[in-house]
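Letter by letter, the chains look like this.
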Amino acid sequence: MSPEKPVPTVEELEAQERRLVFRRFTNDDAWALGSLLVELARERGAPVAVDIHRAGQQLFHAALPGSTPDNDAWIARKRRVVERYGSASYLVGSRFRAKGTTFEESSRLDADTYAAHGGSFPITVSDVGVIGSVTVSGLPQVEDHRLVVEALERFLGE
């Protein structure tokens, strides 16, 4: 068994967002990125659901064995955090924790609508900004986040 990876810091999460930027993002890119995430999840036997949205439109969705409708609800809540804050859902939650509080206590947002838990990452296009999100749900939040980051790194050739 591999040693436990340390939880990423706010600074490390912010660096991921600066680094993982697209030159463009098409419907075909959504299919390829989503398919890569499904492949990575299948290799690990991860019971996840995968979602990619751009400009309010769902471009990709897959539910792997072991995932449930609850994963889709988590995806929607995490995606709304990315849409509202323009940052990864895990980063948003980490920023609240770094201030000694939680998103749920201090954001003043409905916890049934928003979840600042790991797994949703902004799709950022250079010279444009955040245009969508890629989201995974089904693993512990830091593992959801890491799976998305790994897929983005591979997709972008990092």
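Since this is a predicted model, take the numbers as computed values, not measurements. (Residues numbered from 1 in each chain as written. Predicted model: local features only at pLDDT ≥ 70, side-chain atom pairs only at ≥ 80, totals over all residues. Heavy atoms only, no water.)

In this section: the overall build of the chain. The secondary structure content of the chain amounts to 6 helices and 4 strands. Along the chain, helices and strands appear, N-terminal first, in the series α-α-β-β-α-α-α-β-β-α. For 158 residues, the compact-globule estimate of 2.2 N^0.38 gives 15 Å, and the chain sits close to it at 15 Å. Taken over the C-alpha atoms alone, the chain extends approximately 40 × 40 × 30 Å along its principal axes. Sequence-distant contacts in the chain: of pairs separated by 6 or more residues, those separated by 24 or more amount to 66%. In the structure as shown, the chain presents an accessible area of about 8300 Å², 49% of it carried by carbon and sulfur atoms. Each charge class in the chain can be summarised by its mean position, and for the 19 positive and 23 negative side chains these summaries are 2 Å apart. (Helix = DSSP H or I, 4+ residues; strand = E, 2+ residues; numbered from the N terminus. Rg over C-alpha atoms; globule rule 2.2 N^0.38 Å. Contact = heavy atoms within 4.5 Å. Areas by Shrake-Rupley, 256 points an atom, 1.4 Å probe, with all protein chains shown as cover. Lys, Arg positive; Asp, Glu negative; His and termini not counted. Charge placed at Lys NZ, Arg CZ, Asp CG, Glu CD.)

One open sheet holds the 4 strands; their spatial order is β2-β1-β4-β3, and the pairing between them is antiparallel. Looking at strand neighbours, the two that pair on one side only are β2 (57-63) and β3 (120-125), the edges of this open sheet. When strand polarity is set aside, the average angle formed by the axes of neighbouring strands in this sheet is 15°. As paired strands, strand β1 (residues 49-54) and β2 are joined by 6 bridges and run antiparallel to one another. Counted as the bridge partner of Ile 52 is Phe 60 from β2. Packed on one face of the sheet, helix α6 (residues 141-155) meets β3 and β4 (129-137) and runs near 125° to β4. (Pairing = 2+ DSSP bridges. Axes fitted to C-alpha atoms, helices over the stretch in contact; angles between N-to-C directions.)

When a protein is soluble and globular, its nonpolar side chains tend to lie buried together. Phe 25, Leu 33, Ile 52, Phe 121, Val 134 and Leu 152 are the most contacted members of the largest nonpolar core, which has 34 residues in total. Elements with a contribution of two residues or more to this core: α1 (10-19), α2 (27-44), β1, β2, α4 (89-98), β3, β4 and α6. Counting residues per element, this core draws most heavily on α2, which supplies 7 residues. Apart from residues no more than four positions distant in its own chain, Leu 152 is found in contact with Leu 20, Phe 22, Leu 33, Phe 121 and Val 134. Within the second largest apolar cluster, 7 residues are counted, among which are Val 81, Val 92, Phe 103 and Leu 109. (Core = buried A, V, L, I, M, F, W, Y, C linked by side-chain atoms within 4.5 Å. Buried < 20%, exposed > 50% of the residue type's maximum accessible area, 1.4 Å probe, protein only.)

With that settled, the discussion passes to the environment of Val 92. Here Val 92 is to be found in helix α4. Judged by its relative accessible area of 2%, Val 92 falls in the buried class. Placed 79 residues apart in sequence, Val 92 and Leu 13 show a C-alpha to C-alpha distance of 9.6 Å. Setting aside residues up to four positions removed in sequence, Val 92 forms contacts with Val 81, Tyr 85, Ser 87, Phe 103 and Ala 116.

Take the packing of aromatic side chains next. The geometry of an aromatic ring pair comes down to the distance between the two centres and the angle between the two planes. Across all of its chains, the model carries 5 aromatic pairs by this definition. With a centroid separation of 5.0 Å and an interplanar angle of 80°, the aromatic rings of Phe 22 and Phe 25 are classed as edge-to-face. On the basis of relative accessible area, Phe 22 is assigned to the buried category, the value being 2%. Between Phe 96 and Phe 103, the aromatic rings sit 5.4 Å apart at their centres with planes inclined by 90°, giving edge-to-face as the arrangement. On the accessibility criterion, Phe 96 (14% relative accessible area) is buried. Assessed through its relative accessible area of 3%, Phe 103 is described here as buried. Ring-pair connections join several aromatic residues into one group, and the members of that group are Phe 22, Phe 25 and Phe 155. For the cation-ring pair, Arg 77 lies above Trp 74, with the distance from its terminal atom to the ring centre recorded as 4.3 Å. (Phe/Tyr/Trp six-rings, centres within 6.5 Å; stacked < 30°, edge-to-face > 60°. Lys NZ or Arg CZ within 6 Å of the ring centre and 35° of its normal.)

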